[in-house]
Structures are given as C-alpha cells and as structure tokens.
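# Understanding the architecture of this molecule
The primary structure of each chain is shown beneath.
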Amino acid sequence: MLDGKPEIWGQATGVLNFPQRFLWGASTASYQVEGGVTEGGRGPSIWDVFTGLPGKIQDGATGEVACDHFHRYPEDVTIMADLGLPAYRFSVSWSRVMPDGKTVSQQGLDHYRRLVDELRGRDIEPVLTLYHWDLPQALEDEGGWRSRETADHFAAYAATVHQALGDRVNQWTTINEPFCAAFLGYGSGIHAPGHTDPAAALTAAHHLLLAHGKAMRELRAQSAPGQEFSLALNFSPALADGHGPEHAEAARKFDGIHNRFFLDPVLGKGYPDDVLADVAHVGGLESAIQDGDLATISAPIDWLGVNYYAPTRVAPLDDPHAPSNCPLPGLRGMDVLPPRGRLTAFGWEQTPGSLTELLRWLNWHTGGLPLIVAENGAAFEDSVDPDDRIHDPDRVTYLAEHLRAVHAAIDGGADVRGYLVWSLLDNFEWSMGYSKRFGIVHVDFETQRRRLKDSALFYRDVIARNAVPAGV
Ligand code: GCO
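Description of the structure in this document. Just so it is clear, the structure is predicted and the values come from calculations on it, not from any experiment. (Residues numbered from 1 in each chain as written. Predicted model: local features only at pLDDT ≥ 70, side-chain atom pairs only at ≥ 80, totals over all residues. Heavy atoms only, no water.)

## Structural notes on the overall build of the protein
- Counting its secondary structure elements, the protein contains 16 helices and 15 strands.
- Taken over the C-alpha trace, the protein has a radius of gyration of 21 Å; the compact-globule value for 472 residues is 23 Å, and the two agree within 12%.
- Every one of the 472 residues in the protein was classed for burial, and the buried ones make up 63%.
- Within the protein, residue pairs in contact and separated by at least 24 positions form 77% of the contacts whose partners lie at least 6 positions apart.
- Separation of charge centres in the protein, based on 39 positive and 62 negative side chains, amounts to 3 Å. (Helix = DSSP H or I, 4+ residues; strand = E, 2+ residues; numbered from the N terminus. Rg over C-alpha atoms; globule rule 2.2 N^0.38 Å. Buried < 20%, exposed > 50% of the residue type's maximum accessible area, 1.4 Å probe, protein only. Contact = heavy atoms within 4.5 Å. Lys, Arg positive; Asp, Glu negative; His and termini not counted. Charge placed at Lys NZ, Arg CZ, Asp CG, Glu CD.)

Next up, the structure:
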C-alpha cells in the first residue's frame, strides 16, 4: 500500500515522467454533485424522478443536495487550485439550462458562466460535458431516448450552450457513456428512467449516438479556432477464463456489445457486423437506423474520452443461446464471472494492466486518435481519523498503479493526452447513493465539509512533478 506521503517519491525506484502538456484534472457530473435541483429555474430530470421511486436507490438517497456544488463551487474551485489541477471536467444539467428540454433558461446558463469564469480565474481549463445522463423529464415524457426527436433537441441544446459559453470553454464533450444511459436506463432498468426493454435499449443507444453526431455538426459549425470536441465512452476489456474457441467467443460477445458497439460507429466503421448478428433477435436497432445516420454519427472527434475502471471476466455457456447473467441486449451463451484479486469497495477488480492493453488497443483500433482517460478511480471505505485526516492508501495505490499503466501505454505508442481522476469529490453514486466514495476530496454529507484525502495530496504531487513514482 502506498500512503501518498511525499516520502514515497524518495522511496520509489525512480519516477515515470509524462509527456509535456499532459492534461491532468478531475471529473464530476451535474446530478452527482450539484444539488440545487429546484433552484435557478431548473426543471426536473429523469434522475429527480427516478430517485423518488421506492427501492431504486440505496438508502433512498437523492441528488437534491449532493455536494451542494451548485452553491459551493467557488470553494471547490479553490480546492482545485490548491491541488494545482490544470483542468476540471464537469457536466451541464440540461434541465437547468432548458427546464423543459427546449426552452432556454438564462438563469441556468448564467450559473455555468459563473462556474466557468471561476475556473478560468484560477487558470483551470473547463472540460465541459453536455450530457451526463440527466435528461429533462419533459423529454422522457415524450419518449426520451426511445424517440428520435430527442437527438434533435440535444443538438439544439448543445448549440445553445456553446453559443453561451463558447467564448470561454474550449474543451467540449457531447455525451458521457451512452452505454449507461441506454443499456442501464432502458435495458436493465437500474438507472433512470428505469425501463427494462432490451429493444428500447438498442433504440436509445442509436439515438444517443445520433444525438452525438447531430451535436457535433452544430458545434463544428459554430466552433472557434483551437476548440476540441469529444465523446466519452466507458470500456471494460473482456477477459476470457480459458483459451478455447468458445472462450474467445464469449469474450467477443461481451467486448462487442459493451465496447465496439458504441466505438465503431463513432469511428466511421458502422455498427460491427458481429454485434449486429448478436442483437438481431432483440429488435429495436435496425428499425431505428435511417439513411445518413451512420454518416452523422461518424463526425470526426478530436479526442476520445476513455472511462476505465476494471475488466470483466467472462466464460462460455454450453448452450450458445442460453441467456446471460449479464443483462446487456442480445448477450447470450456466456456469463460474467466474479472479479478476481484485489477488489475495491465497489467489488470491482483492480487490474491496471487491462488499462494499458485497452489504451494500446484503442490506439491501434482508432488509427492513433488522441485519447484522454476521462474517468479512472476507485471507491474505498474512507474514514476521518482522530487527527482529522483521511488516510486512503488503497486509493493512492490504485491511482499510482493505474497511472503507471497509462504511462506504459504511452511508452507503447498510444497518444494519451491526459488523465482526469474520478472523482474530485465524494458524490452521489447513482443506484448506490452515497455509499460509495470515489473522491480524492472527502465530503461530510451532514455538514458539507470538504477534507483532502491523502490521495488528493498524492495527486497534487503527481501533477506538480508531471510524473508518478515508478514503484516502491
Ligand atoms: C460512470 C460514470 C460516473 C460514475 C463513476 C463511478 O463511468 O459510471 O461516468 O458517473 O459515478 O464511473 O461508477
């Protein structure tokens, strides 16, 4: 375990230097940190409604207050500045900017202008995500991501936010993890809006990718020189538990629906043929695709956001058509296995080598597209010690190991341009409520007091040195 204390730099067997201008930062998302859900004219999102349903969220938690970032962002920006963060990735609440999903709220835009100005005033680069899952409920009432029109509303929303902030924000990400918004929100139902319809999940996935493409067209049309546009996808490399062809097939199936289904259309490769075959019996996809859609979705991006936490171990089932224990659309003939080795408090496997392999594969598969690790981090049981400190050696070790993994990928030729830790603050962890702490900054949700964890001090030193200890 690394304790994060400065001494580890002396104890290390050396340091691994990152490229000059490597972008360091931290990530959050609007519904997870803001609170202020009825303030400033904000309208309800699907997460406001979903958290109100019984039994959906651990401990009945909601994002009504969260980290109160809506009010406390000046304090949080000061913390970022004190840590020397060069960048802050945050998301805009669509229903704060357009309460009904269509009509502009100047109050809502003004909030984000104040946040961006606070960041820029402290020399922190805003990395703005337009959609991190909090769809205005009014649009869900009209079909949500099952409705093609929502993609058009998203493009209009993107253009509106860019018109308001494009003179002070240069890094734009359209959508965070369409996988989760579609497959967890409309497929397994564990995320808002909570539907359990695999065909609808595939339709929603297509409309989310279409929304990305339509928004890219709007953003490019009004972009200023030097601005960059991206999409963030969550990847989980499939690890087969054997070497036979049936094991390779199990890994192919999981990798196809989880990773390549979203990536390949964005790269201009279209939906992968093997995945189209895997999901053909589900329905919902072919009927949603219209002429020109794939061309729209393949609008070139400047970099790909890579959200990585852990690999997924898979095994074949005897019957290739037997339903999987993993509720992804079309997934059959294979099961997800329990994670192995060291686990986080979320029960996720700690396998940094898979991040290296993922980044190197992405470098090859995308033809050298610039990559930014837009999310990586871990939940661990944190407690405030009698000395009022939060010693989180597990998280320091997780970060050090995964930063070394990123460095190894760069050594292997991957064009990785940055790393944004998930997360700046302990926050609302979706269906797990506040039970899983990912922050490098501890939040006391009773008092809203922020405290730096040892991992924050370690990350501060990594940023200052643009390096990670090689190992101790
Ligand atoms: C995700 C989301 C984040 C999560 C984080 C921890 O990747 O699932 O972008 O909102 O909170 O990943 O699960």
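Additional details are given in the paragraphs that follow.
## A closer look at the site of the ligand
- Around the ligand, the neighbouring residues are Gln32, His132, Trp133, Asn176, Glu177, Tyr309, Trp348, Glu375, Trp422, Glu429, Trp430 and Phe438.
- Take glutamine 32: an N or O atom from its side chain is 2.6 Å from an oxygen atom of the ligand.
- Residue asparagine 176 places a side-chain N or O atom 3.1 Å away from an oxygen atom belonging to the ligand.
- Protein contacts shield 94% of the accessible area of the ligand, which totals 320 Å² for the unbound molecule.
- Residues of the shell around the ligand, tallied by class, amount to six nonpolar, three polar and three charged. (Near = heavy atom within 4 Å. Polar contact = N/O pair within 3.5 Å; in protein donor to acceptor, adjacent residues only side chain to side chain. Areas by Shrake-Rupley, 256 points an atom, 1.4 Å probe, with all protein chains shown as cover. Nonpolar A, V, L, I, M, F, W, Y, C, P; charged D, E, K, R; others polar.)

## Focus on the packing of helix H14 (residues 352–365) against helix H15 (residues 393–411)
- Running from N to C, H14 and H15 cross one another at 30°; their axes reach a closest spacing of 8 Å. When the interaxial angle is binned, H14 and H15 end up roughly parallel. Two packed elements cross with a definite hand, and for H14 against H15 that hand is right-handed. Of the residues in H15, those touching H14 at Pro352, Leu355, Thr356, Leu359 and Arg360 are Glu401, His402, Ala405, Val406, Ala408 and Ala409.
- The residue makeup of the contact of H14 with H15, split by class, is seven nonpolar, two polar and two charged. (Axes fitted to C-alpha atoms, helices over the stretch in contact; angles between N-to-C directions. Parallel < 35°, antiparallel > 145°, perpendicular 65-115°, else oblique. Left-handed = near helix turned anticlockwise from the far one by under 90°.)

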